Each structure stands twice: as structure tokens, then as C-alpha cells.
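Survey of secondary and tertiary structure
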Amino acid sequence: MRVAFAGTPEFARQALDALIGAGHRVVCVLTQPDRPSGRGMKRVPSPVKEAAIAAGIPVLQPRSLRLDGKYPEEARDAEAALRDLAPDVMVVAAYGLILPRWVLDLPRHGCLNIHASLLPRWRGAAPIQRAIEAGDAVSGVTIMQMDAGLDTGDMLHRVERPLAAGETGASLHDGLAADGARAIVDVLARLAAGQAPVPVPQPEAGACYADKLLKSESALDFSRSAGELARRVRAFDPFPGTTMPLPGMDQPVKVWGARALPAAGVAGNDAPAPGSIVGMGPDGIDVATADGVLRVTVLQKPGGRRQPVAEFLRSYRG
């Protein structure tokens, strides 16, 4: 099939590679403009752009696709290019721009989205992290026929993935990226064979929104339960990470490993205040929470590297 592909990060690159490997003709790639990165703030291409250039695929990088928006000339140029290329379908994966109606209607098979959740649960920007943070037992990928709503289109294909006990944002991302790549190849094979999957409308029951991750969420709030905080540490690895203050440290340290322990049996006025350090040793730094104790096991000093707590404590003088 003639495929236009829209995506930006590593999650999307795996799907693009899979489509190329399956023999589809990817006629163009849309991806976000190059962003400043690193200490020198040099503009760097997205993983999808790098893959497209390596494969010799034309790349479009409009800042908007709205013909009546802030960058109408860029949108009109993209529209002209897509109409000339006449794709059969557009595959979308973590692109980062809203697709207006003219884009949704342009390919004869419409636009298919690879969404990293079992819709209708976790519509929105950060489904991978919010699933771990919420304590979901199962996540997955949904191939969705896009419509004008926010992740509200009909479902064409779903793949479930149980969440492991120590699942992190990074590990679930990698697993779902591979699942999504396989799933979109399967759906396009069925489309090409004239055996299109039957669209299934999303039920409204169980729908929830996965808010965008904010750096302001990094600071661990010990007025929450230890279980909630342990899940957040795993969910926010590698971005945006979590932090906590330590006595004697000018800046908060990053927390990359933690687990919840039951409360020590002290209640009422004698219970330690949330945020109090109640134990410290080679197995972890124990911090009181509103419910239970958070044992911190992997830390990182500002400008340093991740360290198991036993190694961290050897140079900690707090």
C-alpha cells in the first residue's frame, strides 16, 4: 500500500521500520520540526526523521497542519504534497500535532493511529506512564480509525500486554512499541487483501484521560501512600523522573528505584510525619508516607549517575 506516516519519537520509529520491512511504499513522513537538545542546544532530528532519511523517504516538518492556523503556508504546502502523493492510508504514531479534517479525509482508507493503551482507557498524551501510575494490571495497543475527537475513533485491532511487577515507563514503552509495530503491519495486510477489520465503536464506560507529563510532578509528595509513590517512581522512569530532598543536600536527588513497605505499627500522634526519614542502611532509605513506608533503593545526585543506595550512602554525609 501507499502509506503516509506521521510520527516523531522512538515509539513511532519502530512502526515506520516495520512498515518499510513489510514492503509497503512509504511515500512520505511527517514529523515534528527539529528541536534544540543537549548542552549546546543544537537542533537535532527526531528518531522518525532519522529513519526516514536513512530509507530515502521524503520528510515534511510543518509546525501546524491547520489551514487557518498560525502557520497556514506550511499547512498548505503539506496539503499540496500529500494530495500529489495520494496515499492509500496514513499511519499515525505519537506525532504530536492535531490532524484537521482535511488530513483525516485525504487517504482513501483514512488515518490509522497506533495508540499505547487499551482504549477507551487512557486517551490522551501519556497513556504508558498513567497506566503504571494507576496500578493497572494490563495495558496494550489499540489500532484506531481516527476521527475528529481525542482518541475517540473506532477500534480496529487490540493487543493486550500484562504489566510486570517491576514495570517501568521505559520497559512498557519498549514492549508496546514492538506490539504496535506488529499490529499495524497486520492491519495493513488485511486492508491490502480487502479484509478490513470491522470497526468497533469505543464504549464511553471506562474512558479516562492520560494527562501530559509535567516536570512539576517529579517531586515525591509523601502525603500520598507508599504504594502510589512507588508506582510513580516506576512510571516516571526515564521521564520526567522523581525527586526527593535529603538532609545536607543543596538540591533534591533523583529517585530511580523504590518499593512500598507496610507501616511499622506506630499510629496516632506517635506516627512519624510524612516525609520523615525513619531508617537508613544498605538496603534503602526508608521514608514515612501517609500510608506505609517508601523504601528508596536507587538514587542519583545532581550531575551524577544512578547508584544503588549502598553505594550512594558511602559518599553521603547528610
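Scroll up a little and you will see the structure.
None of these values were measured; they are calculated from a predicted model.

Let us look at the overall build of the protein. Within the protein, the regular secondary structure consists of eight helices and 17 strands. A principal-axis box enclosing the C-alpha atoms of the protein has dimensions of 70 × 45 × 35 Å. With 318 residues in all, the protein has 47% of them scored as buried. Sequence-distant contacts in the protein: of pairs separated by 6 or more residues, those separated by 24 or more amount to 63%. On the protein, the mean spot of the 36 positive side-chain charges and the mean spot of the 34 negative ones are 5 Å from each other.

Per the stated rule, a full pass over the model turns up 21 salt bridges. With its nearest N and O atoms 2.5 Å apart, the salt bridge here joins Arg13 to Glu10. In this pair, Arg13 and Glu10 are both assigned in helix α1 (residues 10-21), three residues apart and thus about one turn of the helix distant. In this structure, Arg224 engages Glu228 in a salt bridge whose closest nitrogen and oxygen atoms are separated by 3.4 Å.

In the structure shown here, the tally under the stated rule is one aromatic pair. The lysine or arginine in question, Lys301, covers the ring of Phe312, its NZ or CZ lying 5.3 Å from the ring centre. It is Arg306 that lies over the ring of Trp256; its NZ or CZ is 3.7 Å from the centre.

The subject of this paragraph is the pairing of strand β15 (residues 284-288). By the criterion of burial, β15 is predominantly enclosed, with five of the five residues buried. Both faces of β15 are covered, namely the face carrying Gly284, Asp286 and Ala288 and the face carrying Ile285 and Val287. Two elements, strand β14 (residues 277-281) and β15, share four bridges in a ladder whose sense is antiparallel. Paired with Ile277 across the bridge in β15 is Val287. Hairpin connection of β14 to β15: two residues between the antiparallel strands. Pairing between β15 and strand β16 (residues 293-300): four bridges, direction antiparallel. If you follow Val287 over to β16, its bridge partner there is Leu294. Hairpin remark: β15 followed by β16, antiparallel, with four residues in the connecting loop; positive phi at Gly292, about 90°.

A word on the nonpolar core. Core analysis: the largest hydrophobic core is formed by 37 residues, its most contacted members being Phe5, Leu112, Ile114 and Leu188. Looking at this core element by element, the count peaks at eight residues for helix α6 (residues 169-192). Leu65, Leu99, Leu104 and Leu119 belong to the second largest nonpolar core, which has 21 residues in total.

Let's shift gears to the pairing of strand β9 (residues 138-145). In terms of residue burial, β9 counts as a mostly covered element, since six of its eight residues are buried. Here strand β7 (residues 111-115) runs beside β9; their pairing, made up of four bridges, is antiparallel. Among the inter-strand pairings, Asn113 is bridged to a residue of β9, identified as Met144. Of the pairings in the sheet, the one linking β9 to strand β10 (residues 155-162) comprises seven bridges and is antiparallel in character. Along β10, the bridge assignment pairs Val141 with Val159.

In this section: α6. If you check α6, its first and last C-alpha atoms are 34 Å apart, about what 24 residues at 1.5 Å a residue would give, namely 34 Å. With its phi angle positive at about 75°, Gly194 sits one or two positions after the end of α6.

All right, on to the sheet that holds β10 then. Whenever strands of a sheet pair, they do so through backbone hydrogen bonds, lying parallel or antiparallel. Ordered by their spatial adjacency, seven strands build an open sheet running β5-β2-β1-β6-β7-β9-β10, and the pairing between neighbours is mixed. The sheet is open, and its two edges are formed by β5 (59-60) and β10, each paired on a single side. Taken together, the three bridges between strand β6 (residues 89-93) and β7 define a ladder with parallel strand orientation. Residue pairing for β7: Val91 is matched across the bridge by Leu112. On the sheet, α1 packs against β1 (2-7), β2 (25-30), β6 and β7 and is oriented at approximately 165° with respect to β1.

Rules behind the numbers
Along each chain, the written sequence defines residue order, and numbers are assigned to residues from 1. Residue-level local features of this predicted model are given only where pLDDT is at least 70; pairs of side-chain atoms are given and counted only at 80 or more, and the full residue set underlies all totals for whole chains, interfaces and linings. In computing side-chain values, all of the structure's heavy atoms are included and hydrogens and water are not. A run of H or I in DSSP becomes a helix once it reaches four residues, and a run of E becomes a strand once it reaches two; helices and strands are each numbered from the N terminus. Relative accessible area decides the class of each residue, using a 1.4 Å probe on protein chains only: under 20% of the type maximum gives buried, over 50% gives exposed, and in between gives partly exposed. Residues are treated as being in contact if the distance between any of their heavy atoms lies within 4.5 Å. When charges are tallied, Lys and Arg are placed among the positive residues and Asp and Glu among the negative ones, while His and the ends of the chain are skipped. Just so you know, the charge point we use is NZ for Lys, CZ for Arg, CG for Asp and CD for Glu. Salt-bridge detection follows one rule: a side-chain nitrogen of Lys or Arg within 4 Å of a carboxyl oxygen of Asp or Glu. To pair, rings of Phe, Tyr and Trp, with the six-membered ring standing in for Trp, must have centres within 6.5 Å; the planes then decide the type, stacked if under 30 degrees apart, edge-to-face if over 60, and tilted in the middle. Counted as over-ring charges are cases with an Arg CZ or a Lys NZ within 6 Å of the ring centre that also lie within 35 degrees of the ring normal. At least two bridges found by DSSP between two strands are what make those strands a pair. By nonpolar core is meant a set of buried Ala, Val, Leu, Ile, Met, Phe, Trp, Tyr and Cys residues that side-chain atoms within 4.5 Å join together. The length a helix should cover is 1.5 Å for every residue beyond the first. Convention adopted: a line fitted to C-alpha atoms gives each axis, helices being fitted over their contacting stretch, and angles between N-to-C directions are expressed from 0 to 180 degrees.

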